[in-house]
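A look at the structure
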Amino acid sequence: MVATLLGALPAATVGLLCLVMAAPAEAQLRDVPVIWYSDDMREIPKPSVREPSLILDNVSEALLHPIGRFTDPGRNLRKIGALFGGDHVQAAADINALDEVPNSSWFSNRIGLFPMSPDAVARGSGDGVPPDHSGPWTVVKAKTQGVTTGFTVKDARGTRFLLKFDAPGSHGMSIAATSIVSRLFYSAGYNTTEEYRSSVRREGLVVGQGVQLKTGHGAHLMTEADLDSLLAHEEPQPDGSWDVNMSKLYSGTPVGRFGWNGRRKDDPNDHVNHEDRRELRGLRMLAAWVCHYDAKQGNSLDMYVEEDGRHFVRHLVQDVGATLGASALGAFPRPGYEYTLDAPAIGGRLLGLGVHEDEWRRLRRPEGLDEIGYFQSDIFDPLEFKPLQPNAAWANLTDRDGYWAAKIISAFTDQQIGAAVATGGYKDPAAAAYMTKTLAERRDKIARLWFDRVPPLDFFVLDGGLMRFHDLGVERNVYPGTTARYRSRIAAVTADQKAAGWSDWMESSATEVPVVMLETGPAAAAAQGPADQYPFLAVELQVNRGQGQEWSSSMKVYVARGSGRIVKVER
C-alpha cells in the first residue's frame, strides 16, 4: 500500500516525503545517570513585566498561528508521514532518556512518579493553613475591573490573599472548582497558587488606610461606603455571609505572563520553545480532564522568585475557576466544545439547516445538584476538547506527550480525587459524590485513549537477571475483564543502536523479561555480540489484551551491559 501511494506522487514530493518519514538521527546511547533536573534556575536579572495584549493574543492564537500551522510545508509533509508511522510534529525538546520531563521552573514530578497520600493531594501547593478568622480581614487593594469583583486582604495573621466572589446564581460553583483544580494540577506537577474556600461577613471586612479605589471617573481613597457599594453587587448566602475564594499571594515579584510559543527573551533560563515543552503540550489533556477551557496567556503567571540565594523566574498555572462546568458568568454548556471563533462549527450549523445538532446542546446539568454546572463524562471525548482559543503548544501534542499526560492523570485514585473534591466545600454531599465520580470516569477515558495508542508498560527496573516492569493498563483497571500477555525479544546493540541480531519473540503473562538469557539461553546465537562492540542490550516489548486484539506497537528499553543501568526508554 505504501509503495502504491508513493508511486502516485511526483518524484520531488516522494523525495521530500522520504526525508520527513526517515527516522531522525538517534542520540547515541551513553552509560551515564539519567538527567532529572533542568538547568533553568540560575541567577538572572529581574525581567520586565510581560503583559500580552488580549486582542493581539486572541488574533494570534485563533487566526495567525493556525494559518501558519496549516500552511507549513514541513508540518504538512510530517502529517502525511504520520500515516505510515511517526508523528505530525517533532518530539518534545525537554525530555530525558527515560522519556520523562525533568524537574524545572515549569514542572516538578509528583504523582506521576511518586506516591502521594490523599492528604497530600488535599493540601496542594501550600502549607495547608487557611485564612485566619480570629480577627477582621483588612482590605488593602480593590479590583473593580474584569468580570468579578475582588479584593486583596490581610487576614488576622497579616497573610495576604486575593478574595474573589462567585457569579450571581452560581453559589460556590467557581469557588469549588478553583480549590479542586488547583490541587489536582499541583499534584500533577504544575506550579499553582494556594487556594481556599472560605466565607466572610460584612463585619469581617474593614478598609485599610490609604487604599486607592480606581473607577471610571478616576481614583480616590476607598471608604467603608465604597466597600458596601461593591459588596452590594455580590449575592450573599441566606445567613448574610458570602462564600469566597481566597488565593494566597505567591512569594516573589510578578513579571507578567508566559506565552504558548517561543521563548521569553529577557529570561536567559528560558531555553526551550514553549510549544516544544511536553508539560505545556500535555497540559491539553489535563485541561480536557477538568474542562479548563479558559487556558489563555492571561491565566498564567511568571514570578521572579528567590530560592537558595538565586533569583529566577518560576512559571505558574493560575485562575482555574473556569473549570468543572463553572465560569465567572455562571454555568453554560458550550465551553470545551467550541473555540470562540470556530469556523467548522459555524459552518456546520449553517449547512445543517437546523437538522444537525451540536454536541454540546445535548448537555444537561445533573438534576437537583445546583452546585454543579455542565460537567459530565457520557459524551466526553478528550481529543475533541476545545478551549476558547487554540494554542501552539496544544496543537503540537504527540502520542508520546498524550501518554505522558495520561500516565499522570491515571495515577490519581478515586480516594485522591475525592480528597481534592472535599476541599471544594460542596454543601450537598451528593454534589461532591457526583464530581468525584465524573472526574474518575473522565480520567479513565483519557487513560484508555492513550494507552491504546502507546503501550502503558512503565517503571522498568533490573532485578538480577530479570527486567521487571508495570503494566499501568492492568494496575489502574483501564482494561477490566481482559487478560494481558506480553512478548519481548532482545538484541545486543552498539551505541548508535545497531543490533547484532534479534532473539526470537518470547511470550509470557508475567511483567518481567529474563535479560540474562542473552548471555546463556538458546537465543544467544541470534542476539549475541561482543560486549566491547555491542555494549548495550535492547529489549523490545509489546502487549496483547486478548479479545481478538492484535499485538500493540513496540517500545524499547536499553540497558548498559557494563553497569546494568537502564539508559533509555523509547516509545
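Residues numbered from 1 in each chain as written. Predicted model: local features only at pLDDT ≥ 70, side-chain atom pairs only at ≥ 80, totals over all residues. Heavy atoms only, no water.

**Details of the pattern of salt bridges**
Stated formally: Any Lys or Arg side-chain nitrogen located within 4 Å of an Asp or Glu carboxyl oxygen qualifies as a salt bridge. Helix and strand definitions follow DSSP, with helices as H or I runs of at least four residues and strands as E runs of at least two, each counted in order from the N terminus.
Under the definition given, this model contains 43 salt bridges. Across the pair Lys407 and Asp458 runs a salt bridge, and its minimum N-O distance is 3.2 Å. With Lys407 in helix α11 (residues 399–410) and Asp458 in strand β12 (residues 457–463), the pair connects residues that are 51 residues apart, well separated along the chain. Taken together, the shared-partner salt bridges in this structure form one network comprising Asp99, Glu100, Asp276, Arg278, Arg281, Arg400, Asp401, Lys407, Asp458 and Arg571.

**Quick notes on unusual backbone geometry**
So the rule is basically this: A simple rule labels every residue: compare its accessible area, found with a 1.4 Å probe on the protein chains alone, to the largest value its type can have, and call it buried under 20%, exposed over 50%, or partly exposed in between.
Of note, Asp308 is a non-glycine position whose phi angle comes to about 55 degrees, a positive value. Position of Asp308 among the secondary structure elements: in the loop between β10 (300–307) and β11 (310–317). On the basis of relative accessibility, which here comes to 68%, the residue Asp308 falls in the exposed class.

**Observations regarding the sheet that holds strand β13 (residues 466–471)**
Going by this rule: A strand pair is defined by DSSP finding two or more bridges across the two strands. Fitted lines through C-alpha atoms give the axes, limited to the stretch in contact for helices. The angle between two N-to-C directions lies from 0 to 180 degrees.
The three strands lie next to each other as β12-β13-β17, forming an open sheet whose pairing is antiparallel. Single-partner strands in this sheet number two, and they are β12 and β17 (512–514). Neighbour-to-neighbour, the strand axes of the sheet open up by a mean angle of 20 degrees, direction not taken into account.

**Quick look at the packing of helix α12 (residues 414–422) against helix α13 (residues 429–453)**
The following threshold applies: Just so you know how the angles are binned, under 35 degrees is roughly parallel, over 145 roughly antiparallel, 65 to 115 roughly perpendicular, and the rest oblique. Handedness of a crossing follows from how the near helix is turned relative to the far one, being left-handed for an anticlockwise turn of less than a right angle and right-handed for a clockwise one. By definition in these notes, contact holds between two residues if any of their heavy atoms fall within 4.5 Å.
At a minimum axis distance of 9 Å, the contact between α12 and α13 shows a crossing angle of 135 degrees. With respect to α13, the axis of α12 lies oblique. Considering how the two elements wind past one another, α12 and α13 form a crossing that is right-handed. Where α12 abuts α13, its residues Asp414, Ile417, Gly418 and Val421 lie against Ala432, Met435, Thr436, Leu439, Ala440 and Arg443.

**Observations concerning the packing of aromatic side chains**
Operational definition: Note on ring pairs: Phe, Tyr and Trp rings are taken, using the six-membered ring of Trp, and paired if centres are within 6.5 Å. Classes follow the plane angle, with under 30 degrees stacked, over 60 edge-to-face and the rest tilted. Lysine and arginine charges are scored as sitting over a ring when NZ or CZ, respectively, is within 6 Å of the ring centre and within 35 degrees of the ring normal.
A full pass over the atoms with the stated rule returns 13 aromatic pairs. A ring pair is formed by Phe185 and Tyr190, whose centres lie 6.2 Å apart and whose planes are at 50 degrees; its orientation type is tilted. When its relative accessible area of 0% is taken as the criterion, Phe185 is described as buried. Residue Tyr190 is classed as buried on the basis of its relative accessible area, which comes to 2%. Each ring, one from Phe469 and one from Tyr486, has its centre 5.5 Å from the other, and the planes form 85 degrees; the classification is edge-to-face. Placement of the pair is Phe469 in strand β13 and Tyr486 in strand β14 (residues 485–493), with a sequence separation of 17 residues. There is no split in this pair, since Phe469 and Tyr486 are both buried. The lysine or arginine in question, Arg110, covers the ring of Tyr186, its NZ or CZ lying 3.7 Å from the ring centre. In this arrangement the basic side chain of Arg442 is found over the ring face of Phe380, its NZ or CZ atom lying 3.9 Å from the centre.

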